[in-house]
2 protein chains.
Amino acid sequence: MRSFISFLLTALIGMHSISIAAQDLPKVDQDRLEKSILDLGKIGVDEMGTQRVAFSQADLDGRDFAIQLMKEAGLEVHIDLAGNIIGSLPGSNPELAPISFGSHIDTVPNGGNYDGCVGSMAAIEVVRVMKENGIQPRHPMELIIFSNEEGGVMGSRAISGKLPPSAFEVVNSTGFNMADGIDRLGGDHTKIDQVIRNKGEVAAFVELHIEQGGLLEQAGLQIGIVEGIVGLNWWDVTFTGFANHAGTTPMDQRQDALLAAAQFIQMVNQVAVDRDGRQVATVGRIKALPGAPNVIPGKVVLSLEIRDLAGEVIREVYSTIEKGAAEISKDSGVAIQFEELSTTGIPALTDPMIQKQIEASTNELGLSFQYMPSGAGHDAQDMALITPTGMIFVPSKGGISHSPKEFTTAEDMANGANVLLRTLLKLDKAMD
Amino acid sequence: MRSFISFLLTALIGMHSISIAAQDLPKVDQDRLEKSILDLGKIGVDEMGTQRVAFSQADLDGRDFAIQLMKEAGLEVHIDLAGNIIGSLPGSNPELAPISFGSHIDTVPNGGNYDGCVGSMAAIEVVRVMKENGIQPRHPMELIIFSNEEGGVMGSRAISGKLPPSAFEVVNSTGFNMADGIDRLGGDHTKIDQVIRNKGEVAAFVELHIEQGGLLEQAGLQIGIVEGIVGLNWWDVTFTGFANHAGTTPMDQRQDALLAAAQFIQMVNQVAVDRDGRQVATVGRIKALPGAPNVIPGKVVLSLEIRDLAGEVIREVYSTIEKGAAEISKDSGVAIQFEELSTTGIPALTDPMIQKQIEASTNELGLSFQYMPSGAGHDAQDMALITPTGMIFVPSKGGISHSPKEFTTAEDMANGANVLLRTLLKLDKAMD
């Protein structure tokens, strides 16, 4: 009986130790994380919003601020040849591939201070907490602040090997092209192939990010477990009718390119709405020529964007839209032509094992959650090409993003950082 | 019996004299008229079309050419304070108010050589024919080549007293504003009120013009008897939704201003098509903001134009469109606002007596005709405010206008000039 009771006691103490271990995991410092965000938020901001557009002086200033925080947190910091800021923490087993985590801090023009910034500042806070609590993972840890995320996930695309040389010509709103911009950040575009990493060189990648949509807030949930980043396909669609005098051309003698385009825009919306699922289709940009009030438009060019987590859904939606366009063209006498643009992205699914670890971490913290896709592109989508990847969402107030009105509460940011910390440590235990 | 036969013979001879007189009326010289057009057509033309935009050097050169022809035709030529070129022929009764006729020779950028030019060169040919055949009307005859017709019937608006001082600021594609332009043409904008004419100061006005549409050609008819110039009302319509991320905003959470605008454009077309009548409604210009492929448009501004011969039809069509917009706004959550612009024109009906004289002239010449509205604005619309006005159309090949492809055959031009000549002489007989 005594050995049995001993056994029971040992077992109970053992189990207690495990659960204490989980409960013992430190929490991030909510106020300190908020301060990092607010301090970063002072850099490059004017009355129109945050202007830390990649390559700008404000971006350089923001990067200097982040580098300073990273060094203070105990990271070895360097800038890679694509301009990504890399902070390294050695693991107890240097043979292992690193576990990487991070986000970005560059913004769109008139942007906000949470898109990318929450993930980046939370990553730094996670390192501080590990250091302060003597937590040394087995794997080397690598905090990455990717360069020029808003200009087409440039820094992460360079790492995944998907950045084509033609991208170097692209000029952003600062006036710098990508080649000069990379060099400005401390990279070297002529040697950029050297940053390419192959499968196996990174053990896993996890990114914390604001939702940039309103679903978590509307559902009253605290954490989003991202199933994947939707694929995005983008076309220019050209409508060719006949420009004619608006006064002398009877209604039944027109080949009005704008009327056909209007029918198209409605049809696109109907196709996306009618199909069960979470696909989205958008016409964001339109130009009618000649563009005079007294001339029937003879030509219209507009943009069409379709996004979904499944590539075959995108193709199906596109195929339905194409058929609808053929009908409109026949009825209206306006020719309709689709041109697929090369800046499109395939869906990037997150790793199911990492999804489960995020879920377990969320449960441990007693937070509410849902599984959901990411409708926006992220560095995680290119990291997913070379390593198992996970992504964690926190709510965006009002679903607003790319705007100075962007906001996430200090509590939500801390929740996300805590989930990130626990997920990284679970990964460290589980992976080779 | 002999006196009865005498009476009959006299009557018959008398009638025969009248009909011989009608048949004796000379015809214009088709080749000479064509030559005038082709010579004018060499002035100010480049590979994009005719560039005799009002106030340009090319316009000045074209005017010099016309003045030369007018003088050679025997007219006393002067330029009034609004820059209109006036050629005067004395009548046998100098007490009578003049009968005026003419058109314009300035063009739109990349324009053609027939719009306004046919009426202007035909008017000169009519004077030549009268002179060569010793025809002196009772009324003084006044050939007017109006200034800057394409810039909003400027010269004729000055004569009718409807040119507001605010118009002087308007800059056209030459870079000159109207005030400087008028002075450049030999007018004086500071004294422009002196060109205003009141009712009674002109006995009648007749304008020959190309149709600028395809109806005469399609119907195989030679002459259009214009019932009036349609009224034109013009609005800017603003759609206010909410700009949001195209990837993260589900389809059922959008306030897409461009989608609402697309529904509006279709509705406008439907209203104009469904209503019996010849009204036209057009959306020619559209701008969506922010105008990025990955952002749901939050704001759209487009132009709405409605034209009809009856002001109440325009108001009725507008009222129906307004109601339709209210429905769209309610369903979509997008606010829709109409702003009526001040550059609108009221319908200008032609004089029924003059219409009949045009018809009689057309019949005498054995030409086919139809009654029809003018969907385009003309100097005649402002002359109609101060004097009984008539307008004659000749066919436009393919209905094309405001294009270097503009064309009317020499035969059609001569037909129009002959109808113009006979109409003027009938007016001279009929009016005080």
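These numbers were taken from a predicted model, which means no experiment stands behind them.

Quick notes on the UniProt feature "binding site: Zn(2+) 1" (unreviewed entry) in chain A
All names here are of chain A. Those residues carrying the UniProt feature "binding site: Zn(2+) 1" (unreviewed entry) are His104, Asp115 and His209 in this numbering. The annotated residues occupy 106 residues of the chain but converge on a single region, no pair of C-alpha atoms lying more than 9.5 Å apart. Structurally, the position occupied by histidine 104 is in strand 5 (residues 99–104). Among the residues examined, histidine 104 registers a relative accessible area of 0% and is labelled buried. Here histidine 104 is in contact with Asp115, Gly116, Cys117, Ser120, Ile145, Phe146, Glu149, Glu150, His209 and Asp379, once residues within four sequence places are set aside. Tracing the backbone shows aspartate 115 in the loop between strand 5 and helix 4 (117–132). Residues within four places of aspartate 115 in sequence aside, it is in contact with His104, Asp106, Glu150, His209, Ile210, Gln212, Ser401, His402 and Glu406. One polar contact links aspartate 115 to histidine 104, side chain to side chain, over a distance of 3.2 Å.

Focus on the packing of aromatic side chains
The full count for this structure, using the stated rule, is 14 aromatic pairs over all chains. Seen in terms of ring centroids, Phe146(A) and Phe205(A) are 5.7 Å apart; in terms of plane orientation they differ by 75°. Their pairing is edge-to-face. Of this pair, Phe146(A) sits in strand 6 (residues 141–146) while Phe205(A) is found in strand 7 (residues 204–210), placing the two residues 59 residues apart along the sequence. No difference in accessibility class separates Phe146(A) from Phe205(A), as the two residues are buried. Ring centres 5.3 Å apart and planes at 75° place the aromatic pair Phe239(B) and Phe264(B) in the edge-to-face group. Of this pair, Phe239(B) sits in strand 9 (residues 231–240) while Phe264(B) is found in helix 8 (residues 257–274), placing the two residues 25 residues apart along the sequence. Here Phe239(B) matches Phe264(B) in class, with each residue buried.

Looking at unusual backbone geometry
All names here are of chain A. With omega at 0°, the peptide bond leading from leucine 289 into proline 290 counts as cis. As for its placement among the helices and strands, proline 290 is situated in the loop between strand 12 (286–289) and strand 13 (295–296). Unusually for a residue other than glycine, asparagine 148 sits at a positive phi of about 45°. Counting through the fold element by element, asparagine 148 comes out in the loop between strand 6 and helix 5 (154–160). On the basis of relative accessible area, asparagine 148 is assigned to the buried category, the value being 5%.

A short note on the domain arrangement of chain A
Where interface size is quoted, it is often the accessible area lost as the parts come together. Residue and element names in this part refer to chain A. The assigned domain composition of chain A is domain 1 (16–230 + 347–430) and domain 2 (232–340). If you average the C-alpha positions of domain 1 and of domain 2, the two centres end up 37 Å apart. Facing eleven residues of domain 1, the contacting portion of domain 2 comprises seven residues. Its largest share of buried area at the contact with domain 2, domain 1 owes to Val230, Pro347 and Pro373, together 65% of the area lost on that side. The interface formed by domain 1 and domain 2 contains one salt bridge. For glutamate 227, the salt bridge goes to arginine 278, with nearest N and O atoms at 3.2 Å. Our count for the contact surface shared by domain 1 and domain 2 stands at two residue pairs in polar contact (both at pLDDT 80 or more). Among the secondary structure elements, those contributing two or more residues to the side of domain 1 that touches domain 2 are strand 8 (223–229) and strand 17 (369–374).

As for the interface of chain A and chain B
Each side of the interface is counted separately: chain A has 49 residues, and chain B has 48 residues. Between chain A and chain B, roughly 4000 Å² of surface is buried when both sides are summed, and carbon and sulfur atoms account for 62% of that area. For the interface between chain A and chain B, the tally reads zero salt bridges. Linking chain A to chain B there are eight residue pairs in polar contact (both at pLDDT 80 or more). Looking at side-chain class alone, the side of chain A that touches chain B contains 23 nonpolar, 21 polar and five charged residues.

What about the relation of the copies chain A and chain B?
Once chain A is rotated about the relating axis by 180° and shifted along it by 0.2 Å, it coincides with chain B to within an RMSD of 0.2 Å. Put plainly, the chains are arranged around a two-fold axis. Using C-alpha coordinates, one finds that chain A approaches the rotation axis most closely at Ala262(A), a distance of 2.1 Å. When the interface residues of chain A are mapped onto chain B, 96% of them again lie at the interface, so the same face is used by both copies.

Structural notes on the pattern of salt bridges
Oppositely charged side chains can pair when the atoms bearing their charge come close. Using the criterion set out here, one finds 28 salt bridges over all chains in the structure. Here Glu364(B) and Lys426(B) are joined by a salt bridge, their closest N and O atoms 2.3 Å apart. Highlighted residues: Glu364(B) in helix 10 (residues 352–364) and Lys426(B) in helix 12 (residues 410–430), separated in sequence by 62 residues. For Lys426(B), a relative accessible area of 22% puts it in the partly exposed group. What emerges from the salt-bridge pattern is a single network uniting Arg32(A), Glu125(A), Arg128(A) and Glu132(A).

Focus: the side chain of Gln357(A)
All names here are of chain A. Structurally, the position occupied by glutamine 357 is in helix 10 (residues 352–364). The exposure class of glutamine 357 is buried, given its relative accessible area of 9%. Residues contacting glutamine 357, with those up to four places away along its chain left out, are Thr423, Lys426, Leu427 and Ala430.

What about the UniProt feature "domain: Peptidase M20 dimerisation" (unreviewed entry) in chain A?
UniProt records the feature "domain: Peptidase M20 dimerisation" (unreviewed entry) for residues 230–326 of chain A in the present numbering. Between the end C-alpha atoms of residues 230–326 of chain A the distance is 27 Å, and the span holds 35% helix and 32% strand.

What to know about the packing of helix 2 (residues 30–40) of chain B against helix 4 (residues 117–132) of chain B
Helix-helix packing is described using two parameters, namely the angle between the two axes and the distance between the axes. Residues and elements named next belong to chain B. Relative to each other, helix 2 and helix 4 sit at 140°, their axes nearing to 9 Å. The orientation of helix 2 with respect to helix 4, classified from their angle, is oblique. Between helix 2 and helix 4 lies a crossing of right-handed hand. Between helix 2, through Arg32, Leu33, Ser36, Ile37 and Leu40, and helix 4, the contact on the second element is made entirely by Cys117, Val118, Met121, Ala122, Glu125, Arg128, Val129 and Glu132. Its residues assigned to classes, the contact of helix 2 with helix 4 comprises eight nonpolar, one polar and four charged.

Comments concerning the confidence of the model for chain A
Segments scoring low in pLDDT should not have their predicted coordinates read at a detailed level. All names here are of chain A. Counting all residues, the mean pLDDT for chain A is 94, and 94% of those residues have values of 70 or more. Here residues 13–20 scores under 50 on pLDDT; set against residues more than four positions off or in separate chains, the count is zero contacts. Both confidence scores are given for the complex: pTM 0.84, ipTM 0.85.

Observations concerning helix 3 (residues 57–72) of chain B
All names here are of chain B. Helix length check: helix 3 (16 residues) gives 23 Å between terminal C-alpha atoms against 22 Å at 1.5 Å per residue, within 8%. Of the positions making up helix 3, those classed as buried are Ala58, Asp59, Leu60, Gly62, Arg63, Phe65, Ala66, Ile67, Leu69 and Met70. Phi turns positive one or two residues past the end of helix 3, at glycine 74, with a value near 100°.

Comments concerning the pairing of strand 14 (residues 299–308) of chain A
All names here are of chain A. By the criterion of burial, strand 14 is predominantly enclosed, with eight of the ten residues buried. Summarising the sheet, strand 9 (residues 231–240) and strand 14 pair through ten bridges and their orientation is antiparallel. Opposite tryptophan 234, over in strand 14, you have glutamate 305 as the bridge partner. For strand 11 (residues 280–282) and strand 14, the ladder comprises three bridges, and the chain directions are antiparallel. Residue pairing for strand 14: valine 280 is matched across the bridge by arginine 307. Sheet topology note: the strand 12/strand 14 ladder contains four bridges and is antiparallel. Looking across to strand 14, one finds that leucine 289 is bridged to lysine 299.

Conventions we followed
- Numbering of residues starts from 1 in each chain and follows the order in which that chain's sequence is written.
- Ligands are numbered from 1 and chains lettered from A, in the order in which they are written.
- The predicted origin of the model limits local features to residues at a pLDDT of at least 70 and limits the giving and counting of side-chain atom pairs to 80 or more, whereas totals for whole chains, interfaces and linings rest on all residues.
- Only hydrogens and water are removed before side-chain values are computed, so all heavy atoms of the structure are retained for them.
- UniProt positions are given in the numbering used here, feature names are shortened, and annotations may be inferred rather than shown by experiment.
- Only DSSP runs of H or I reaching four residues or more are called helices, and only runs of E reaching two or more are called strands; each is numbered from the N terminus.
- Relative accessibility under 20% of the residue-type maximum defines a buried residue, over 50% an exposed one, and the middle range a partly exposed one, all with a 1.4 Å probe and only protein chains included.
- Throughout, a residue-residue contact means that at least one pair of heavy atoms, one from each residue, lies within 4.5 Å.
- Each polar contact in these results corresponds to two N or O atoms within 3.5 Å; when the atoms are within protein, one needs to be able to donate a hydrogen and the other to accept it, and residues that are neighboring in sequence are counted only if both atoms are side-chain atoms.
- The rule is short: rings of Phe, Tyr and Trp, with Trp giving its six-membered ring, pair when the centres are within 6.5 Å, and they are stacked under 30 degrees, edge-to-face over 60, tilted in between.
- An automatic or database domain assignment is the source of the domain bounds shown.
- Summed over both partners, the accessible area lost on bringing two parts together, with a 1.4 Å probe, is the buried area.
- What makes a salt bridge here is a side-chain nitrogen of Lys or Arg within 4 Å of a carboxyl oxygen of Asp or Glu, nothing more.
- Following the grouping adopted for this structure description, the nonpolar residues are Ala, Val, Leu, Ile, Met, Phe, Trp, Tyr, Cys and Pro, the charged ones are Asp, Glu, Lys and Arg, and the polar ones are all others, Gly among them.
- Residues reaching a pLDDT of at least 70 in both copies supply the C-alpha atoms on which the copies are superposed by least squares.
- To define axes, lines are fitted to C-alpha atoms, for helices over the stretch in contact only, and angles between the resulting N-to-C directions are given on a 0 to 180 degree scale.
- Our angle categories are set so that under 35 degrees counts as roughly parallel, over 145 as roughly antiparallel, 65 to 115 as roughly perpendicular, and the remainder as oblique.
- Crossing handedness is defined as follows: a turn of the near helix away from the far one that is anticlockwise and smaller than a right angle gives a left-handed crossing, while the clockwise case is right-handed.
- pLDDT expresses how confident the predictor is about each individual residue, on a scale running from 0 to 100.
- Expected helix span is computed as 1.5 Å times (number of residues minus one).
- By the convention used here, strands pair only if DSSP detects at least 2 bridges between them.

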